[in-house]
Amino acid sequence: MANTTSDMFSHQSPNSTTELPDFWDNAYKTHLLGILIAIFGNFLISISLNIQKYTHVHLSQQQGSKPYYKTGIWWCAIILMGVGELGNFAAYGFAPATLIAPLGCVSVIASAVMSVIFLKETLRASDILGGALTVTGTYLLVTFAPNMSQKITAQTVRKYSVSWHFLVYLVFEIIVFCILLYLYKRKKLKHIVVVMMLVALLASVTVISVKAVSGMITESVKGSLQLSYPIFYVMVVVMVASCAFQIKFLNQAMKLFNATEVVPINFVFFTASAIIAGVVFYQEFYGLALLNIFMFLFGCLLSFLGVFLIARNRPKTKTELPFIDMGQVPGKYILYALMYYLAL
C-alpha cells in the first residue's frame, strides 16, 4: 500500500531525504503558477461580464439600436472570456482542484469592484465587509491548501477511477441525483436548493474530468504523451456532457429565481462539490495536517460568507441575454454562449 501511494505522487522518493527540499520547492512553484493563472483567468472573466453588462444596459437605453452581438465591444468581451476560461482550464493542470475551485470568489469580488467603478453602481457596507471576508478567506485557503504535487497521467486517472472510495462516492451521488431529479421533474418541487444541488452533483463530475483532461494535456506538453490513451477521450466526453447539463439546470434556476439568490448558492455548492471531488478522487488531503485542513475549510467558509454579503440584495438589471457566474469550471461560459446562439 505504501508503494502504491508513493507512486501516485510525483517526485516523492522514500529512499532519499535530500530530495525533499527540492520536491517541496517545485510543488510550491507549481501550485503558485496554478494560483496565479486561476486568479488572472477569473479576473478576465469578471471584466468580460461587466463589459457585457455595460453593452446590454447601454443598448437597452437606445431606441432602434442594433443587436448586441453586432457590436465590437461585446465581441471583445467574449474574447476576454475565452482567454479567462483557458486560464481556468490550465490552472487545474498545475494545482489541486480543492485549491483552484474556491478561487472563483476572485471573479465575484472583482465584478463587484468594477461594477462600482465603471458602471457607477452603489457601494454598500455589505460589499466592503464581504470583500474583506473574501480576501481573508482566499489568503487562508491558499496558505493552508494541500501542497502535494501529482502527475496526472492516464494510468493515474484509470487507477483512481476504479478505487473503491470513488466507486462508493459515485454510486451515492447517482442515487441522490436520481432522487432530486424525480422530485424536481415528477413532483414539481421547484426549490432553489433542489435545483442547485443537481448542478453541484454534476459539477463534482465536471471538476474530476476537467482536472484529468488538463493534467494529461500538461504532461503531454512536458513530453509524456497522454493523448493516445482512451481514458483521455472518455474524460473529454464526460467534461462536455456534465458542463452542458449544468448549464441547462442553471438556466432553469435563473428563470425561477433571482440572480442574487443563484450566484452565492451556486458558488458555495460548486466549491463544496469540487473540494469533495478532489478529496475523494484525487486524494488531495492525503497526508495533510489536521490544522491545515481546519484552516483551509475555515478560509472557504469566510469566502462563502463574503460572496453572500456581496450578492445579497443586489438590484436586478434587465438585459437581452442572461449572464451569470456559472461557477468556476472552464468552458461553461463558452458552452452557454454556443447553446444560446444555436437557439437563435
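A few words now on the packing of helix 8 (residues 164–185) against helix 9 (residues 192–222). Two numbers describe how helix 8 lies on helix 9: the axes approach to 9 Å, and their chain directions differ by 150 degrees. Put simply, helix 8 runs roughly antiparallel to helix 9. The way helix 8 lies across helix 9 gives a crossing that is left-handed. Residues Phe166, Tyr169, Glu173, Val176, Phe177, Leu180, Leu181 and Tyr184 of helix 8 form the contact with helix 9, whose participating residues are Val194, Val195, Met197, Leu198, Leu201, Leu202, Ser204, Val205 and Ile208.

For the rest of this paragraph, the subject is the packing of helix 9 against helix 11 (residues 259–281). Look at helix 9 against helix 11: their axes get within 8 Å of each other, and the N-to-C directions meet at 40 degrees. As the angle between them shows, helix 9 and helix 11 are arranged oblique. Where helix 9 crosses over helix 11, the two elements pack in a sense that is right-handed. Each of Ile192, Val193, Met196, Met197, Val199, Ala200, Ala203, Ser204, Val207 and Ile208 in helix 9 lies in contact with helix 11, whose residues at this interface are Glu261, Val262, Ile265, Asn266, Phe269, Phe270, Ser273, Ala274, Ala277 and Phe281.

The next point concerns the pattern of salt bridges. In the structure shown here, the tally under the stated rule is two salt bridges. Put simply, Asp127 and Arg124 hold a salt bridge, and the shortest N to O gap is 2.8 Å. On the basis of relative accessibility, which here comes to 9%, the residue Asp127 falls in the buried class. Salt-bridge contacts for Glu219 lead to Lys222; the nearest nitrogen and oxygen are separated by 4.0 Å. With Glu219 and Lys222 both in helix 9 and three residues apart, this pair spans about one turn of that helix. By relative accessible area, Glu219 is classed as buried at 8%.

This part takes up the packing of aromatic side chains. Taken as a whole and judged by the stated rule, the model has ten aromatic pairs. Each ring, one from Tyr160 and one from Tyr282, has its centre 5.9 Å from the other, and the planes form 85 degrees; the classification is edge-to-face. Of the two residues, Tyr160 is situated in helix 7 (residues 154–161) and Tyr282 in the loop between helix 11 and helix 12 (290–311); the sequence distance between them amounts to 122 residues. The exposure class assigned to Tyr160 is buried, which follows from its relative accessible area of 1%. Between Phe294 and Phe298 the ring centres are 6.4 Å apart and the planes differ by 5 degrees, which places this aromatic pair in the stacked class. Of this pair, Phe294 and Phe298 both sit in helix 12, four residues apart, roughly one helical turn. Ring pairing ties together the aromatic residues Tyr160, Phe166, Phe281 and Tyr282, which thus form one cluster. In this structure, Lys190 is placed above the aromatic ring of Tyr184, and the distance from its NZ or CZ to the ring centre is 4.1 Å. Taking NZ or CZ as reference, Lys211 lies 5.7 Å from the ring centre of Tyr282, over its face.

The rules behind these values
Residues numbered from 1 in each chain as written. Predicted model: local features only at pLDDT ≥ 70, side-chain atom pairs only at ≥ 80, totals over all residues. Heavy atoms only, no water. Axes fitted to C-alpha atoms, helices over the stretch in contact; angles between N-to-C directions. Helix = DSSP H or I, 4+ residues; strand = E, 2+ residues; numbered from the N terminus. Parallel < 35°, antiparallel > 145°, perpendicular 65-115°, else oblique. Left-handed = near helix turned anticlockwise from the far one by under 90°. Contact = heavy atoms within 4.5 Å. Salt bridge = Lys/Arg side-chain N within 4 Å of Asp/Glu carboxyl O. Buried < 20%, exposed > 50% of the residue type's maximum accessible area, 1.4 Å probe, protein only. Phe/Tyr/Trp six-rings, centres within 6.5 Å; stacked < 30°, edge-to-face > 60°. Lys NZ or Arg CZ within 6 Å of the ring centre and 35° of its normal.

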